[in-house]
Amino acid sequence: MRTRKPDAAQMTLELNPDDELERIIEARVAERAEAQALGWRFRLVIIETVMIASLVLAAGIALDLPMSKTLTGAATVGIGCFLTGLMLIGLTGAASRLLAKLRRKS
């Protein structure tokens, strides 16, 4: 295939991205991804809580336990699971910020 020589009067198109613009775009993308990651973690904690509590409820019903004990147990396990998940989200965020600070210092 033949290649044509560009016309001398034609302006050249530079496709090299500006470093400052690229840095701004990367910062915005990272910020948005971090916000979405937090939302997804919270959704996963809620899904996990509902699943565990429903499993305890189903086990209580299958074993013919009194309904008050079954509901109390399911609620206790659900609340414990939810609080543990929130603590893990908080600890993960704190650890990631600490690691980011340590990386900036070195």
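Up top is the structure.
Fair warning: this is a prediction, and the values are worked out from it, not measured in the lab. (Residues numbered from 1 in each chain as written. Predicted model: local features only at pLDDT ≥ 70, side-chain atom pairs only at ≥ 80, totals over all residues. Heavy atoms only, no water.)

(A) Here's a closer look at a nonpolar patch on the surface. Among the surface-exposed residues, F42, I46, V50, I79, L83 and L86 lie close enough to one another that they form a single nonpolar patch of about 510 Å² accessible area. For the nonpolar patch, the elements supplying multiple residues, two or more each, are α1 (19–62) and α2 (67–105). One can find L83 in helix α2. Here L83 falls in the partly exposed class, since its relative accessible area comes to 47%. (Patch = residues over 30% accessible without salt bridge, like charges linked within 9 Å, V, L, I, M, F, W, Y side chains within 5 Å. Areas by Shrake-Rupley, 256 points an atom, 1.4 Å probe, with all protein chains shown as cover. Salt bridge = Lys/Arg side-chain N within 4 Å of Asp/Glu carboxyl O. Helix = DSSP H or I, 4+ residues; strand = E, 2+ residues; numbered from the N terminus. Buried < 20%, exposed > 50% of the residue type's maximum accessible area, 1.4 Å probe, protein only.)

(B) The layout of surface pockets, seen in detail. Space inside the largest pocket adds up to approximately 210 Å³. Here the residues of the lining of the largest pocket are counted per class, giving three nonpolar, two polar and three charged. (1 Å grid on protein atoms, 1.4 Å probe; cavity = no way out; pocket = protein on both sides within 12 Å on 5 of 7 lines; lining within 4 Å. Points joined across faces, edges and corners; volume = space filled by probe spheres on them. Nonpolar A, V, L, I, M, F, W, Y, C, P; charged D, E, K, R; others polar.)

(C) Local environment of a negative patch on the surface. Among the surface-exposed residues, D18, D19, E22 and E26 lie close enough to one another that they form a single negatively charged patch. Of note, E26 is situated in helix α1. Of the residues examined, E26 reaches a relative accessible area of 48% and is grouped as partly exposed. (Lys, Arg positive; Asp, Glu negative; His and termini not counted. Charge placed at Lys NZ, Arg CZ, Asp CG, Glu CD.)

(D) Examining α1 more closely. With 44 residues, α1 should cover 64 Å at 1.5 Å per step; its first-to-last C-alpha distance of 63 Å lies within 8% of that length. Among all positions in α1, only V45, T49, A53 and G60 are buried. D64 sits one or two residues past α1 and shows a positive phi near 55 degrees. (Expected span 1.5 Å × (residues − 1).)

(E) Looking closely at the packing of aromatic side chains. Taken as a whole and judged by the stated rule, the model has one aromatic pair. When the ring of F42 is compared with that of F82, the centres are 6.1 Å apart and the planes differ by 70 degrees; the resulting orientation is edge-to-face. In this pair, F42 sits in helix α1 while F82 sits in helix α2, placing the two residues 40 residues apart along the sequence. Accessibility expressed as a relative area gives 36% for F42, which makes it partly exposed. (Phe/Tyr/Trp six-rings, centres within 6.5 Å; stacked < 30°, edge-to-face > 60°.)

(F) Structural view of the environment of K69. Within the fold, K69 resides in helix α2. Judged by relative accessible area, K69 falls into the exposed class, the value being 59%. Separated by 12 residues in the primary sequence, K69 and L57 have C-alpha atoms spaced 9.6 Å apart.

(G) Layout of α2. The first and last C-alpha atoms of α2 sit 57 Å apart over 39 residues, in line with the 57 Å expected at 1.5 Å per residue. Those residues of α2 that fall on the buried side of the exposure criterion are T70, A74, G78, C81, G85 and I89. Taken together, the buried residues of α2 touch α1. (Contact = heavy atoms within 4.5 Å.)

(H) Seen up close, the side chain of T49. Within the fold, T49 resides in helix α1. T49 gets classed as buried once you look at its relative accessible area, which sits at 12%. Setting aside anything within four residues of it in sequence, one finds T49 in contact with G78, C81 and F82.

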